[in-house]
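# Report on the structure
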Amino acid sequence: MHIPDGILPAAVCLGGYATTGAATWYSLRKINQQENPREGIPKASLLTAAFFVASWIHIPVPPTSVHLVLNGLLGAVLGYYAFPAILIGLFFQAVMFQHGGLTTLGVNAAMMGLPALVAYHLFRLRRALGKDSRAWTGLFGFLAGAGGLGISVLISLALLITTIPAHLDVETERASIYAMSLAHVPLMALEGVFTALVVLFLQRVKPELLEGGSPLSPFPPTLGGQGGG
Amino acid sequence: MNLQLDEYSHLDSPLHRWEPRCRLIALVALMFAFSFVRDLRLLPAMLVVTATIYAVSRLPLSFLLARLRAPGFFFLMVAVLLPFLSGRTVLLRIGPLALREEGCLALLLIAVKFVSILTTGIVLFGTVPFVITIKAMRGLGLPTILTDMTLFSYRYIHEIGDDLETMETAMGLRGFRGRHPGSLGVLASLAGSILVRSYEQSERVYKAMILRGYGNRPTRPADDFQTLPGDVVALSAVLLIAAGFIAAEIILRQCGG
Amino acid sequence: MAMVTGQSSVTGDALDLKSTAQPPPGSNVTALVVSGLNFSYPDKPDVLRDVNLKILPGERVGLIGPNGAGKTTFFLLACGVLKPNAGEILLFGKPVVPGGFRPEVGMVFQDPDDQLFCPSVRDDVAFGPLNMGLPKDEVEARITEALSITGVLELADRPPHHLSGGEKRLVSIAGVLAMRPKLVIYDEPTSNLDIRYRRRLIRFLQSSNETVLIASHDLEFILEVCDRVVLMDEGRIVVNGNPRQVMGNVDLMEAHGLERPHSLVPHAQPHH
């Protein structure tokens, strides 16, 4: 799903960076509006690292196994920090494993990060229906996970198919996008289920990890409160 | 997972000695210039430039091949469809499939671009410790929140990765094989545990940070990057080459290439 | 001999409260004064109850007690990381403001990974001095000084995840010492250390000049390093006095979930 270097035209790559730049600026602004933005940085950093590692977990899907993208889960847990977290995670992947690309970092970050923010808002809808209910939390977790991946897949496919230097006509293009999107539906379901399961786990074990508190402050304050022992 | 990033960053070569910010600007500009190319006639020049840079960097060839293997494989898996789907001029029929000329050329184009850009990227990050490259980005104006997050995340990736391995081993020792339908739930708990442990550790890390004054200093003193004339000359040279590719591409396009 | 006051529990008698440390001549500023300290977490009440303690400059004080006694919480309050519900804390004569930065006090955490948060040793040791606003060359000098004192100068350019537990411990101490604190707090410094590094740490502490407050389950370690011992249980200070007397008192130790260190157990058949 990550788009590698060399395929997209330079204009699209630069457009990707522009979009990512704007989205990062916006996310950082939202982050700075919190009570104590500094406090969020170690939390977001360690969680970025944790998500990066968590995406290595092999999910057995007979006959093979897959790695999940988890951008929906990132949105549900990190809120606006999800965008820089995804940007940084993709950067590490590109530099360490040559997975994704450096010229396409902007495009990939926008493609996975913006749906993560959508997933965050989607997940927050559970508050209207009862934040403590396991059913609603699970459902919205599923929607966030499936939706996060789904939107990313659509954007990714659309970009690839319309910009590959091939000579396909519009009909074939549209058909291929539909076909390949359909092929991803099982993956979307898998991400949705997995996200729901993780979100339910977190709700049971550490509910403050789930965008608790006000929308602008996804993490509750540490000073004078909890932690230590 | 091999996270080895700085294996060869201690070698000595003109690229290793190039001032980090100049190197960053130059090589990134080159990568984007490569991505701009669409004319096949520029491909040999691209390869020559890339090979020269790699040779000057004194990085071992085995390093490049190891790093290109997996992404190259995935790239091919996707791109191999091109010669069969794209274009009208049929070169060769293999049963129901037709190998088309435009598709083959398209594949060649993106394959060469892929290898060139990736190789340049490998040189960029392989010739200097990762941390210094991030500081160079900070020195060039990237917001501190982003670079701080990158540095702190980088610090803990290895530890958390080790934790994951330990937990997976423990699970395996208790008979977990992942084939049971309930496995997904177990793996979700594994992921959840990693998140919770990292979250809890981050609270302790935050306390350690404020104890040593985090948040106390409004501006950070500029990192120690000294640019020598040689650095600027090299930067200009590479920028010229990058501009050359862009100009050549534009001219060739205008001539109806 | 300076006399310092502390509380004693109902079971202990007025124990001999002699401290062997002498405050530097001409100084009448205590290092740490805690009076009437009370603290509760939202989900855990009465973690610390009416704690009073005084530490003089140059003293090496050990803090012992069972798990959950409140030792780490006490340290975090003393440093200003947590805000007390009631009570006053004076650090070198000035009140501690929660959230404020007091480089005169440094704390070495139980898990070095919690405070070795930069991706290179050099950056980590520089963190404190940089936040103190020191100029570049002063920071460099402090890094070298701190790493040399702890004997790990050769690790300066290594990434932390390549270090062993003992090396991480020493580097995290260097990170604190780079701020030249006058009071250093150690939370379980010998946990997960192998014998070699433990011995190195003991020698290091015995030769250092700072005021030191150490919480540890390693009672032999406390015996070798500290001139005074404070026993804490259930959020209260039970006893405050001479290490051999406090830790050699079998009834007292066992009443609070501890055991005497082996070297203080009278041997019917000497086997050393």
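Residues numbered from 1 in each chain as written. Chains lettered and ligands numbered in written order. Predicted model: local features only at pLDDT ≥ 70, side-chain atom pairs only at ≥ 80, totals over all residues.

In this section: the overall build of chain A. Along chain A, the regular secondary structure elements total eight helices and two strands. In chain A, the succession of helices and strands from N to C terminus is α-α-β-β-α-α-α-α-α-α. Out of the 229 residues in chain A, the part that is buried amounts to 52%. Considering only residue pairs separated by 6 or more positions, chain A has 76% of its internal contacts joining residues 24 or more positions apart. (Helix = DSSP H or I, 4+ residues; strand = E, 2+ residues; numbered from the N terminus. Buried ≥ 20, exposed ≤ 12 C-beta atoms within 10 Å, placed from the backbone. Contact = placed C-beta atoms within 7 Å.)

Here we take up the overall build of chain B. If you tally the helices and strands in chain B, you get ten helices and two strands. Element order for chain B, N to C, with α for helix and β for strand: α-α-α-α-α-β-β-α-α-α-α-α. Here chain B has a C-alpha radius of gyration of 24 Å; the compact-globule value for 257 residues is 18 Å, and the former is much larger. With the principal axes as the frame, chain B shows a C-alpha extent of 65 × 60 × 30 Å. (Rg over C-alpha atoms; globule rule 2.2 N^0.38 Å.)

On to the sheet that holds strand β6 (residues 86-91) of chain C, then. Residue and element names in this part refer to chain C. In spatial order, the strands read β4-β3-β6-β7; together these four strands make up an open sheet with antiparallel pairing. In this open sheet, the two edge strands, each paired with only one partner strand, are β4 (44-55) and β7 (94-95). Of the pairings in the sheet, the one linking strand β3 (residues 32-41) to β6 comprises five bridges and is antiparallel in character. Its bridge partner being in β6, Val33 is matched across the sheet by Leu90. Its contacts with the sheet put helix α1 (residues 71-78) on β3, β4 and β6, and the angle it makes with β3 is roughly 120°. (Pairing = 2+ DSSP bridges. Axes fitted to C-alpha atoms, helices over the stretch in contact; angles between N-to-C directions.)

So, on to the domain arrangement of chain B. On domain assignment, one finds that chain B holds domain 1 (14-137 + 225-254) and domain 2 (148-211). In this structure, domain 1 of chain B and domain 2 of chain B have C-alpha centres spaced 36 Å apart. (Domains from an automatic or database assignment.)

Bringing unusual backbone geometry into the picture now. Residues and elements named next belong to chain C. Notably, Arg180 is not glycine yet its phi reads approximately 50°, a positive angle. Counting through the fold element by element, Arg180 comes out in the loop between α5 (165-177) and β9 (183-187). Its identity is not glycine, yet Glu234 carries a phi of approximately 50°, on the positive side. Turning to its location among the elements, Glu234 is positioned in the loop between β11 (228-233) and β12 (236-241). The exposure class assigned to Glu234 is partly exposed, which follows from the 16 C-beta atoms found within 10 Å.

Another point: helix α2 (residues 37-54) of chain A. With 18 residues, α2 of chain A should reach 26 Å at 1.5 Å per residue; the first-to-last C-alpha distance of 25 Å fits that figure. Across the 18 residues of α2 of chain A, 16 count as buried, placing the element largely inside the fold. (Expected span 1.5 Å × (residues − 1).)

Turning next to the nonpolar core. If you look at the biggest cluster of nonpolar residues, it comprises 213 residues, and the most contacted ones within it are Ala82 of chain A together with Ile185 of chain C. Each of domain 1 (14-137 + 225-254) and domain 2 (148-211) of chain B accounts for three or more of the residues forming this core. (Core = buried A, V, L, I, M, F, W, Y, C linked by C-beta atoms within 7 Å.)

All names here are of chain A. At their nearest, the axes of helix α5 (residues 105-124) and helix α7 (residues 134-163) sit 8 Å apart, and the two run at 155° to each other. The orientation of α5 with respect to α7, classified from their angle, is roughly antiparallel. The crossing of α5 and α7 is right-handed. Between α5 and α7, the contacting residues are Val107, Met111, Met112, Pro115, Ala116, Val118, Ala119, Leu122 and Phe123 on the first element and Phe140, Gly141, Leu143, Ala144, Gly147, Gly148, Ile151, Ser152, Ile155, Ser156 and Leu159 on the second. Here the contact of α5 with α7 is composed, by residue class, of 15 nonpolar, five polar and no charged. (Parallel < 35°, antiparallel > 145°, perpendicular 65-115°, else oblique. Left-handed = near helix turned anticlockwise from the far one by under 90°. Nonpolar A, V, L, I, M, F, W, Y, C, P; charged D, E, K, R; others polar.)

For Thr64 of chain A, the position within the fold is in strand β2 (residues 64-66). In sequence terms Thr64 of chain A and Val205 of chain A are 141 residues apart; their C-alpha atoms lie 31 Å from each other.

Residue and element names in this part refer to chain C. Because side chains alternate across strand β8 (residues 105-108), one face comprises the buried residues Val105 and Met107, and the other comprises Gly106 and Val108, equally buried. By the bridge criterion, four bridges tie β8 to β9 in an arrangement that is parallel. When the sheet's bridge partners are listed, Gly106 is paired in β9 with Val184.

Turning our eyes to something else, we now look at the confidence of the model for chain B. In the predicted model, chain B carries a mean pLDDT of 88, and the fraction of residues at 70 or more is 96%. Reported confidences for the modelled complex are a pTM of 0.88 and an ipTM of 0.91. (pLDDT = per-residue confidence, 0-100.)

Let's shift gears to the sheet that holds β8 of chain C. All names here are of chain C. Strands sit in the order β8-β9-β10-β5-β11-β12 across an open sheet of six strands; the sheet is mixed. Here the strands that pair on one side only, and so sit at the sheet edges, are β8 and β12. Each neighbouring strand pair of the sheet contributes to a mean axis angle of 20°, computed without reference to strand direction. Contacts between α5 and the sheet are confined to β8 and β9, with β8 contributing the most and set at about 170° to the helix.

Right, let's get into the environment of Gln110 of chain C. Residues and elements named next belong to chain C. In this fold, Gln110 is placed in the loop between β8 and α2 (112-115). Accessibility expressed as a C-beta count within 10 Å gives 17 for Gln110, which makes it partly exposed. For the pair Gln110 and Thr72, spaced 38 residues apart in sequence, the C-alpha to C-alpha distance is 9.1 Å. Apart from residues no more than four positions distant in its own chain, Gln110 is found in contact with Asp187, Glu188 and Ser191.

Listed by partner, the interface residues are 50 residues for chain A and 65 residues for chain B. Element by element, the count of residues in the side of chain A that touches chain B is highest for α2 of chain A, at 15 residues. Taken together, the residues that form the side of chain A that touches chain B break down as 36 nonpolar, nine polar and five charged.

Residue and element names in this part refer to chain B. Burial within helix α7 (residues 130-139) is extensive, with seven of its ten residues counted as buried. Among the residues of α7, Phe130, Val131, Thr133, Ile134, Lys135, Ala136 and Arg138 are the ones counted as buried. Buried residues belonging to α7 abut α2 (20-36), α6 (101-126) and α8 (144-173). Gly141 occupies a position one or two residues after α7 and carries a positive phi of about 115°.

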